[in-house]
Amino acid sequence: MSAPVSAVLTDIEGTTSSISFVKDVLFPYARKALPGFVKARAQDPAVRKWLDVVATENGGVCQDAVVVEVLQGWIDQDRKHTALKALQGMIWADGYATADFTAHIYPDAAESLQRWKAEGTPLYVYSSGSVPAQRLFFGHSDAGDLTHLISGWFDTEVGGKREAGSYRSIAASIDAPASEILFLSDVVEELDAARKAGLQTVLVDRLEDYPQPRHGDATNGHRRVESFAEVAIG
Ligand SMILES: CSCCC(=O)C(=O)COP(=O)(O)O
Ligand SMILES: [Mg+2]
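Cut-offs applied
Residues numbered from 1 in each chain as written. Chains lettered and ligands numbered in written order. Predicted model: local features only at pLDDT ≥ 70, side-chain atom pairs only at ≥ 80, totals over all residues. Axes fitted to C-alpha atoms, helices over the stretch in contact; angles between N-to-C directions. Helix = DSSP H or I, 4+ residues; strand = E, 2+ residues; numbered from the N terminus. Left-handed = near helix turned anticlockwise from the far one by under 90°. Contact = placed C-beta atoms within 7 Å. Nonpolar A, V, L, I, M, F, W, Y, C, P; charged D, E, K, R; others polar. pLDDT = per-residue confidence, 0-100. Domains from an automatic or database assignment. Pairing = 2+ DSSP bridges.

Trainee: Which parts of the structure should I look at to understand the packing of helix α2 (residues 45–57) against helix α4 (residues 82–97)?
Mentor: Two numbers describe a pair of packed helices, the interaxial angle and the distance between the axes. Look at α2 against α4: their axes get within 9 Å of each other, and the N-to-C directions meet at 145°. Handedness of the crossing formed by α2 with α4: left-handed. Contacts from V47, W50, V53 and V54 of α2 reach α4 at A83, A86, L87 and M90. Across the contact of α2 with α4, the residue classes tally to 8 nonpolar, no polar and no charged.

In structure tokens:
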């Protein structure tokens, strides 16, 4: 008999949604819009705060044009840096508002999240994308506005996704014991950290995102599924 699940915590990229949407649509959009965005908004305190974080990490005072280049380099490297993620979220707001794109969500993920919520299980999101970016993503998904399904949002301001302490902090703020929270992710190291914190884990190994299925040692003992439809929480 499997342990009870009283809350579900899910990753986004590679789990509810395809990696290619993030890499081929969202990242290029942010990369291209970044220079104009910084030029227009650099004096907005919400933007300045993060530009200064990047400047400080690059040896202190540097011009915004240099900061833009650093950020574009981080996009190319897929750095999960909190400052980059916060700025990306602000830029994507325009893309969603002008309907340049909607956020990809696998139909099985949308269907399962809707069903679990209807059955009374609270749902939470933990992603490297900033909380505002997560809200935009779920608010403008291919399946419509799904934000009403989500009871709480967590990003790397709570800590890195490969650190057990982050999951302990999330569990402490969710009204459920860690052992009854199920974390779904495509990244084994994230699942390792969640398991260390006492959460239940499932590796979501989507063939569209990971053409070489991960079996045996590659799963590091985490239960593996290829779709949310295989995840039973009742
Ligand atoms: C939800 S914002 C777009 C995705 C993103 O920028 C990202 O880094 C997602 O990483 P995840 O932790 O969801 O794998
Ligand atoms: Mg992921």
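Trainee: Can you walk me through the confidence of the model for the protein in this structure?
Mentor: The share of residues in the protein with pLDDT of 70 or more is 100%, and the mean pLDDT across the chain is 96. The ipTM, which scores confidence in the relative placement of chains, is 0.97 for this predicted complex, and the corresponding pTM is 0.94.

Trainee: How should I be thinking about the domain arrangement of the protein in this particular structure?
Mentor: Think of interface size as the accessible area that goes away when the parts come together; that is how it is often given. With domains assigned, the protein is organised as domain 1 (7–17 + 103–230) and domain 2 (22–97). On a C-alpha basis, the centres of domain 1 and domain 2 stand 25 Å from each other. Facing the 11 residues of domain 1 at the interface are 10 residues of domain 2. Its residues placed into classes, the side of domain 1 that touches domain 2 shows 3 nonpolar, 5 polar and 3 charged.

Trainee: What is the right way to read the sheet that holds strand β1 (residues 7–10) from this model?
Mentor: Sheets are built from strands that pair by backbone hydrogen bonding, the pairs being arranged parallel or antiparallel. The 6 strands lie next to each other as β3-β2-β1-β4-β5-β6, forming an open sheet whose pairing is parallel. Both edges of this open sheet fall to β3 (150–154) and β6 (223–225), since each of them pairs with a single strand only. The mean angle between the axes of side-by-side strands here comes to 25°, regardless of whether they run parallel or antiparallel. In this sheet, strand β2 (residues 123–126) lies alongside β1 in parallel orientation, the contact comprising 3 bridges. Bridging from a neighbouring strand, T10 pairs with V125 of β2.

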